[in-house]
Amino acid sequence: MAEETGKTVLDRGWLAARSTDVDLTGVQLTTTHPPSSATSPWMDAVVPGTVLATLVKNKLVPDPFYGLENEAIFDIADSGQEYYTFWFFSTFQCNLSANQHVDLNFRAINYSAEVYVNGHKKVLPKGMFRRHSLDVTDILHPDGQNFLAVLVHPPDHPGKIPPQGGQGGDHEIGKDVATQYVEGWDWIAPIRDRNTGIWDEVSISVTGPVKIVDPHLVSSFFDNNKRVYLHTTTELINRSAWVAECSLNIQVTTELDGKICVVEHLQTEHVSIPSGAHIQHTFLELFFYKPNLWWPNGMGKQFLYNVGITVDVKGYGESDSWSQPFGFRKIESHIDSATGGRLFKVNGQPVFIRGGNWILSDGLLRLSKRRYKTDIKFHADMNFNMIRCWGGGLAERPEFYHYCDIYGLLVWQEFWITGDVDGRGVPVSNPDGPLDHDLFMYCARDTVKLLRNHPSLALWVGGNEQVPPDDINAALKSDLQLHPYFDETGKSKEDFPTALKDPSQYLDGTRIYVKGSMWDGFANGKGDFTDGPYEIQNPENFFKKDYYKYGFNPEVGSVGMPVAATIRATMPPEGWQIPLFRKLPNGYVEEVPNPTWVYHKYIPYSKPGLVHDQILHYGAPKDLDDFCLKAQLVNYVQYRALLEGWTSLMWSKYTGVLIWKTQNPWTGLRGQFYDHLHDQTAGFYGCRYAAEPIHVQLNLATYSIEEKDCEPRNALAFIMISVVLQLQVVNTTSDELSDVAVEASVWNLDGACPYYKVSETLSVPSKRTVPIFDMKYPKSKDPKPVYFLLLKLYNVSDYSILSRNFYWLHLSGGDYKLLEPYRKRRIPLKITSQALIRGSTYDIQMHVQNTSKKPDLEGLVYKNSFVNKRASCDFDTASPELEKKQGVGLLKRFYRQFSEGSNGLRVVEIDGTQDGVAFFLHLSVHASGKDQKEGEDTRILPVHYSDNYFSLIPGEVMPITLSFEVPPGITPRVSLGGWNYQGSHTVHY
């Protein structure tokens, strides 16, 4: 019986053993002595993954991400390369019929390998970023049972770790074409095996006599995107002994509502392929009139067509097939004359870039579709529109790009060059890059072929804070030159020569190549170290025009402390000690963290001489929980201010900013919006608000004090003091915003609302940040030192909220210490929720209401409703109004949304007798259970929240959606905590 044509992934049943513990050859392992079980020296292997991931899985080494355990693991510099040279063994079933062929595919191995199949040896050449495909047709067993053994060798130059650490260790890893972060950086400890292993997908693919290889899809745009053409070129290999007469079919389809498949185009072409030939075939271009376009996150939908190619061979039938989701989009880029920054356009529309830097998902390369989906969705949830894949990390995998395609994240992909390792480090490293330049270029070209069909891929960059050596840079520039369709935009198709080479025949041809991350419109454009800074900042500084001199900052970073539960889950008790706060003679405070935090690269919340300790602004922390909660307050303010500051100067000074960095591939304590366990920090939600496509905000740089002498009363003169703050509305969309207004309300700690103002009806042009009015508060002789401010931008026609932004503020020169006694204020809450359960997936809709007494206000503060939006948990929510419409109306909306698979409406009330703002509320999901140990981490992660770390004024209701998966046998519960709510208040499901 013939094998079915197609790919089978080999990701289960792998065994591994250290090469020095195995006395058998590869021939013996795949013929007479195959291992049959995980008995010493063999163990269950992690494939895809690394040697170290396999050792951790089998508990043969401690978890390198826990506490200081990484120090207990042999570094390859000390153990020698043989220690991390491993055998990997598996079996696969394949029984071919006549004229069928099978390839054994390794999408990536680090760093070189010998492969044995049924006693036959094949050598995989060096290089971490190259694919390998081996034709094993003639060496398969007739009975279909086949043995596979792979001996994997580490990089040739793993290097040594200097006692002082450093960026890329001793830089030796730069001599290889491999990841450079593995020798350690200022945000990660060294990876002991240097990521040795079968770290990406292994598969077998069965075809007939003709094989499809690396199709290239390109869309060209004319007449203001009305006329669009799909260009397609593919390689074809005829492995038969005769001329193959082929019918080559291309089909473009689209799905409607996930149910109906519509064929947009179907075209068949004939091609004859000589025996043994490897040819390139270019299809006739396909014409589309006004196709649905792919847009970046926040600008429109990410519409994807499916392009399928099949080859039918006369006398055989279907020989091979290939398919790819494909988005029609046009990306342009140039250096903006007004700002000097690089400006990106998608489908003709300028994109103000707000995104982050990315290293990789996991430092042991335990990569999976599920983890990638969470990672990328988190970035979309933060309203980011670009991810930069940093040059010291990976050429990211197709699964990464697949989810960027789905969620609308543009990707800046760098090649494997960094300033620290390739010529600019301390000590100065090798300026000539890797030793084998031909190998580098082979890997680069293969990476381009692997990734080029993804609409999310926006640009190629030669390296991080460095350019590649001259010959590599020249080769990349030549290979990645733009096709005239993309280099000479604005012309009609008829303006180009008819004999012009088809764009799909280029290696890429559609995206710019920039030689380095600080060149040509990034940082100062000249390669000087003008990115950064990477530490805590005074929030108002981000809004100042002299804060950053250049138009596009590719790296600006700050703090990233996770929640206390993550510290307890990833460190032993000695790592739970909070920093000492040492007062310096200049009045600043220096934080002295414990050794475990130092090892995990903690960034302090103070910068003596420049920034006073931001955590101490809230009062001295008592313990780990108090420290981490106050750190979340700072995280929220810090990153919201960063993005709001950049956006306040959109187009007038800046074209974009990328935050360093969005996450950590290990349990680091800096530069992250969610931790390695996938729990978000409050900075995540600060970014989420600040990067809204339509947004209302304060300009913190306009903060000023007005003093006015007043007439004496009862023989007493006094000074009236008021704070002046400018309100702004941001519209990054392509449409003018009209018939809207801004509502501003100030709330004191006692629950009173001393200030309330509504703007006139506004119109905000597309792609603009517009000042609305200056808010003067308080006009009082005794102003409150700490107060809350709620801003809402809403549609005048129906009061629906377009943007809601909540601030806590203090008077100039003050602090937030009055919030400490405010924690004792008991504010009543009501939580109404219902869950939709589908297998292991829970979708929960929750309404949290501050039920304390509303002040007597004549205004709109309680008339607003939330606009229908696509919720972060991927299902549409209703539009509950913030009026007196709870009770029956709310029940009806719940049951309409969750009519099938629901487990009932739940109502939990939290008692309280005082009025005021319910401040900094935080939801988390946990496993319920009677057998849980004290101190056990019960969190269920990841969870997608539509909002978190939110605050509610008296009477206000916030709709929240949650989505998560639970492990088998686990019943979840949702806990609510907050500044006024010590302990947790729980809803069981």
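Residues numbered from 1 in each chain as written. Predicted model: local features only at pLDDT ≥ 70, side-chain atom pairs only at ≥ 80, totals over all residues. Heavy atoms only, no water.

Moving on to the nonpolar core. Formed by 232 residues in total, the largest nonpolar core has its most connected members in Leu104, Phe106, Trp808, Leu819 and Phe919. Tallying contributions element by element places helix α11 (residues 624-648) first for this core, with 13 residues. Setting aside its immediate chain neighbours within four residues, Phe106 contacts Val115, Leu124, Arg130, Arg131, His132, Leu134, Leu148, Val150, Ile198, Glu201 and Val202. In this structure, Leu217, Val228, Leu230 and Val514 belong to the second largest nonpolar core, which totals 46 residues. (Core = buried A, V, L, I, M, F, W, Y, C linked by side-chain atoms within 4.5 Å. Buried < 20%, exposed > 50% of the residue type's maximum accessible area, 1.4 Å probe, protein only. Helix = DSSP H or I, 4+ residues; strand = E, 2+ residues; numbered from the N terminus. Contact = heavy atoms within 4.5 Å.)

Moving on: helix α5 (residues 398-407). Burial analysis of α5 places eight of its ten residues in the buried class, the great majority of the element. Considered for burial, the residues of α5 that qualify are Pro398, Glu399, Phe400, Tyr401, Tyr403, Cys404, Asp405 and Tyr407. In the core, the buried residues of α5 are packed alongside β22 (353-358), α4 (369-381), β23 (386-389), β24 (410-414), α6 (437-451) and β25 (457-461). In the stretch just after α5, Gly408 is the one whose phi turns positive, near 80°.

The subject of this paragraph is a negative patch on the surface. A contiguous patch of negative charge, built from Asp432, Asp436, Asp438, Asp470 and Asp471, is present on the exposed surface. Summarising the element assignment, Asp470 is placed in helix α7 (residues 470-479). A residue is classified by how much of its surface remains accessible, and Asp470, at 69% relative accessible area, is exposed. (Patch = residues over 30% accessible without salt bridge, like charges linked within 9 Å, V, L, I, M, F, W, Y side chains within 5 Å. Areas by Shrake-Rupley, 256 points an atom, 1.4 Å probe, with all protein chains shown as cover. Salt bridge = Lys/Arg side-chain N within 4 Å of Asp/Glu carboxyl O. Lys, Arg positive; Asp, Glu negative; His and termini not counted. Charge placed at Lys NZ, Arg CZ, Asp CG, Glu CD.)

Let's shift gears to the environment of Ile844. Note on placement: Ile844 falls in strand β40 (residues 841-850). For Ile844, a relative accessible area of 0% puts it in the buried group.

Across the sheet, which stays open at both edges, the seven strands sit in the order β26-β25-β24-β23-β22-β30-β27 with parallel pairing between neighbours. Across the chains shown, the open sheet's two edge strands, defined by having one partner strand only, are β26 (512-514) and β27 (552-557). Between one strand axis and the next, the sheet turns by 25° as a mean value, whatever way the strands run. Note that β24 and β25 share four bridges and pair parallel. Bridging across to β25, Glu414 finds its partner in Val461. Packed on one face of the sheet, α5 meets β22, β23, β24 and β25 and runs near 150° to β24. (Pairing = 2+ DSSP bridges. Axes fitted to C-alpha atoms, helices over the stretch in contact; angles between N-to-C directions.)

For the rest of this paragraph, the subject is the sheet that holds strand β7 (residues 120-124). If you walk across this open sheet you meet the six strands as β3-β2-β4-β9-β6-β7, and the pairing is antiparallel. Unpaired on one side and paired on the other, β3 (43-44) and β7 mark the two borders of the sheet. Pairing analysis gives six bridges linking strand β6 (residues 112-117) to strand β9 (residues 145-153), with the strands arranged antiparallel. Note on β9: the bridge partner recorded for Val117 is Leu148.

A complete count under the given rule lists 64 aromatic pairs for this structure. Geometrically, the ring pair formed by Tyr485 and Phe496 is edge-to-face, given 5.0 Å between the ring centres and 75° between the ring planes. In this pair, Tyr485 is assigned in helix α8 (residues 484-487) and Phe496 in the loop between α8 and β26, connecting sequence segments eleven residues apart. We note that Tyr485, like Phe496, is buried. Taking the ring centre of Phe496 as reference, the NZ or CZ of Lys491 above it sits at 5.4 Å. (Phe/Tyr/Trp six-rings, centres within 6.5 Å; stacked < 30°, edge-to-face > 60°. Lys NZ or Arg CZ within 6 Å of the ring centre and 35° of its normal.)

Successive side chains on a regular strand alternate, one facing one side of the sheet and the next facing the other. Alignment of strand β13 (residues 244-256) against strand β14 (residues 260-273), held across 13 bridges, turns out to be antiparallel. Of the residues in β14, the one forming a bridge with Asn249 is Thr268. Remark: three residues form the turn of the hairpin made by β13 and β14, two consecutive strands paired antiparallel; Asp257 in that turn has positive phi of roughly 60°. Across eight bridges, β13 lies against strand β17 (residues 305-313) in antiparallel orientation. Bridge pairing in β17 links Ser247 to Asp312.

Counted according to the given criterion, the structure contains six cavities of 30 Å³ or more. Taken as a whole, the largest cavity encloses approximately 100 Å³ of empty space. For the largest cavity, the lining is made up of 14 residues, of which Leu217, Phe326, Arg329, Arg452 and Arg511 are closest to its centre. With four residues, strand β11 (residues 210-222) is the largest single contributor of residues to the lining of the largest cavity. When the residues that make up the lining of the largest cavity are grouped by side-chain class, the tally is four nonpolar, six polar and four charged. Taken as a whole, the second largest cavity spans an internal volume of roughly 70 Å³. Lining the second largest cavity are Tyr636, Tyr689, Arg804, Asn805, Phe806, Trp808, Asp947, Tyr949, Phe950 and Ser951. Looking at the lining of the second largest cavity, the elements with two or more residues in it are β38 (800-810) and β45 (950-952). Counting residues per element, the lining of the second largest cavity draws most heavily on β38, at four residues. Here the residues of the lining of the second largest cavity are counted per class, giving six nonpolar, two polar and two charged. (1 Å grid on protein atoms, 1.4 Å probe; cavity = no way out; pocket = protein on both sides within 12 Å on 5 of 7 lines; lining within 4 Å. Points joined across faces, edges and corners; volume = space filled by probe spheres on them. Nonpolar A, V, L, I, M, F, W, Y, C, P; charged D, E, K, R; others polar.)

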